[in-house]
Amino acid sequence: MIVNTELDQKGNLFPSKIIAFKKDVDTLYFTTQNDVVLQITVFRDSVLRFRYTTTGTFGKDFSYAITKYASKGYNHLQIEEEKHYYKIITSKLICHIAKEDLKVSIFDAIDNTLISQDELGFHWEESYEFGGNIVKMSKISQDGESYYGLGDKPEHLNLKGKRFENWVTDSYAYGKKTDPLYKTIPFYTGLHHTKSYGIFFDNTFRSFFDFTHERRNVTSFWAQGGEMNYYFIYGPKMEDVVTNYTDLTGKPHQLPPLWALGFHQCKWSYYPESKVKEVAQKFRDLKIPCDAIYLDIDYMEGFRCFTWNKEYFPDPKRMVKELLDDGFKTVAIIDPGIKVDKEYSIFQEGLKKDYFCKRADGAYMKGKVWPGECYFPDFTKPEVREWWSGLFQELIEDIGIKGVWNDMNEPAVMEVPNKTFPSDVRHDYDGNPCSHRKAHNIYGMQMARATYQGLKKFAYPKRPFVITRAAYSGTQRYSSTWTGDNVATWEHLWIANVQAQRMAMSGFSYAGSDIGGFAEQPQGELFTRWIQLGVFHPFSRIHSSGDHGDQEPWAFDEDVTDIVRKFIELRYQLLPYLYTTFWNYVDQGTPILKSLVLYDQDDVHTHYRTDEFVFGDKILVCPILEPNAKGRRMYIPRGNWYNYWTSKIIKGGKEMWIDADIDSMPIFIKEGAIIPKYPIQQYVGEKTIDKVILGVYFKKGKESSVLFDDAHDGYDYIKGRYSLRTFKLTGKTNQLIIQQHKEGKYITNYEVFKLKFYGLPFKIKTIQLDNVDIPLSEVKLNGENTMVINKNFTQLHIIGE
Ligand code: GLC
């Protein structure tokens, strides 16, 4: 492993033999002769935490990533002492700790498969320059092992053979090999012999992961300071690994308001007011659905946060209200840098209250960002976060801004070589004072957290909406995110696809890219293909730097506008499906996008796929990533799938050519699925939904589907005011049965479902609704293949001839 110190006097140091063992309820301590202590905490039967010290004692235990709501508790814990090792047994795992050298091996408790095995295991190097250690871990890479995760890395989904760095970085116009980017999510999933596990290295210092890059059979990770502190999360299903990681670092604290899952339009910048209005109006005139419009930095007075440029926006409250009357929610940007300006009240207050970050010797941390020279709040101090959250009162409560966009929070600093704070800057770190070396990776997260707290307070009783560029593990609790300053190229369309999938498998599903590309300008064809992908991303927003021309749906030719409209309409139709999927994420931690490997890890063909993914758990999507394409080859996962456009059913488990001219893209529905749809609306809430369309895709066999609904905003759903419907479909040669199970106290506006059947293999003879025959004349079965029934049915039974 690469050594980071120049003063390599001692080289690697290793634990010696175990001389003491202690158990304290769920925590075990193994002490070696040379004062290394390994502390293992059993979080759950499948989640173990490993923490090492080299000095005999541990420092204060504190993490920004781990949520206090994480599930804890196990069914079984047994410790046995063997001749050469200690053995920790839970109902899911068996873990061996070697007496000789503290090395760890972990096995599946059911069938004893070796899952993870230390190579050198824990070792370290003393850091002469900063004190403490460079902490290191290496593990043997098992036969055929693949690796996934790590947040926003713009690389092949399978990370095998590569090395990565985690250091939150402003990376304007990054490329396929650029590393690191804006986020630090030090969590990866390993997969071998059909079994999957995860490792979350909860260390905020600059860290590195090496997946068999340096040495063929070794995977390693290390950090430039702090503790060797990682969580081992066992599946064996990859989805369970991701779900458990998300549980540990936190699911979003609440559902987003439904409008935030609609379509968003952004540009750097729309101003003055007349321009904002013109863009909004054009969406309505052209009947392209849209829910949110963004104000980038030019709405402010000289880029001072929490101010307005009154020349461009003389009466923001009126404008925001008028936009809202037309269904547009306004989202405003807020950056961390506070302009050094003695006349500026926020600067004065921050100074007076001593809220700005300082250098080690006491000077302020001064850096250039958009407003010129700035000071930066220390968001790692609770009092500062409280102050910051209070600053949103006017924007949210009074002016009516519905969402806040946090940018430049890596923190980005201009005109300096390292693009950020120097490492000596001091931070409170919630009462654990430290340097920027430790706080850098969580700075943006804590800013987003403070912003979130402000929105939560002032938007109440509505839900907050926050979007952040920088993030560390756990940021998904507070905010959505986008992938930063990408470029309008085909390669970036590939990157956007990979990043959104990777974020989802890293616990952070609410993510999307700048559709069309931020830097440079796309051709109409690239823009169209990007929209097609973007409507299947949990966060869906067009954004561009504005330097290279317009990037609204009508900025290209009319054909483009029509195709863009068609796909944004599709997103609006699928809103109940997306909302249900999101609810699953908030409730269970289930990733919203499933890369094929996550969807079907037992099929080795999925291990190196990057392009195809499953949106929710029933819709297979594959973007077209090349110009002039009339279709593409793609891998269809195992099972039978209906082509969304032709309703033709195909059998998966193979690669196939799929037609998809510019007005189309490959979309498939899993057989047996029941897909809910809303009518097309120009914005969420435009129409009262009086019926939900259920697409019923026949399957011989069983499949269950879910529909979640509630008031689309507010917190009543937490008190049980939601409606959760589970549909169990059973198909037989000449029968189709749909059973509905209902939960929750919310009464939906709609009274009926309009069922539309696909692939019924028989001609209908009789239909029974809750055991009563209904005359075929009442249903429009022939022709349209639809029928309308009361939403509260328990069983629908269709019998064929
Ligand atoms: C950064 C952001 C971009 C924004 C710009 C101006 O480059 O990533 O989205 O438009 O700053 O605020």
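Relevant structure appears above.
Report follows, based on the coordinates. (Residues numbered from 1 in each chain as written. Predicted model: local features only at pLDDT ≥ 70, side-chain atom pairs only at ≥ 80, totals over all residues. Heavy atoms only, no water.)

All right, on to the pairing of strand E47 (residues 752-758) then. Bridge analysis of strand E43 (residues 691-697) against E47 gives 7 bridges, and the strand direction is parallel. Paired with Val-696 across the strands is Phe-757, a residue of E47. As paired strands, E47 and strand E50 (residues 786-790) are joined by 5 bridges and run antiparallel to one another. Bridge pairing in E50 places Lys-756 opposite Thr-786. (Pairing = 2+ DSSP bridges. Helix = DSSP H or I, 4+ residues; strand = E, 2+ residues; numbered from the N terminus.)

In the vicinity of the ligand, the contacting residues are Trp-268, Asp-296, Ile-297, Ile-333, Trp-370, Trp-405, Asp-407, Arg-469, Trp-482, Asp-485, Phe-518 and His-543. Asp-407 places a polar side-chain atom, nitrogen or oxygen, 2.9 Å from an oxygen atom of the ligand. Asp-485 is positioned with one of its side-chain polar atoms (N or O) 2.5 Å from an oxygen atom of the ligand. In isolation the ligand has 300 Å² of accessible area, and contact with the protein removes 98% of it. Class assignment of the residues belonging to the shell around the ligand gives a composition of 7 nonpolar, 1 polar and 4 charged. (Near = heavy atom within 4 Å. Polar contact = N/O pair within 3.5 Å; in protein donor to acceptor, adjacent residues only side chain to side chain. Areas by Shrake-Rupley, 256 points an atom, 1.4 Å probe, with all protein chains shown as cover. Nonpolar A, V, L, I, M, F, W, Y, C, P; charged D, E, K, R; others polar.)

Glancing now at the sheet that holds strand E24 (residues 372-375). Judged by pairing direction, the sheet is antiparallel, and its 3 strands sit side by side in the order E22-E24-E23 without closing on themselves. Single-partner strands in this sheet number two, and they are strand E22 (338-339) and strand E23 (367-369).

Taken together, the buried positions of helix H3 (residues 316-325) are occupied by Pro-316, Met-319, Val-320 and Leu-323. Projected down its long axis, H3 shows its buried positions confined to an angular sector of 95°, all on one face. Buried residues in H3 make contact with helix H2 (273-285), strand E20 (292-295), strand E21 (329-334) and helix H6 (393-399). (Buried < 20%, exposed > 50% of the residue type's maximum accessible area, 1.4 Å probe, protein only. Arc of directions from axis to C-beta. Contact = heavy atoms within 4.5 Å.)

This next bit is on the packing of helix H9 (residues 524-534) against helix H10 (residues 558-573). One way to put it is that H9 packs onto H10 with a least axis distance of 9 Å and a crossing angle of 5°. The angle between H9 and H10 falls in the class roughly parallel. Touching Gly-524, Phe-527, Thr-528, Ile-531, Gln-532 and Gly-534 of H9 are Val-560, Ile-563, Val-564, Phe-567 and Arg-571, all from H10. (Axes fitted to C-alpha atoms, helices over the stretch in contact; angles between N-to-C directions. Parallel < 35°, antiparallel > 145°, perpendicular 65-115°, else oblique.)

By themselves these figures say nothing about function.
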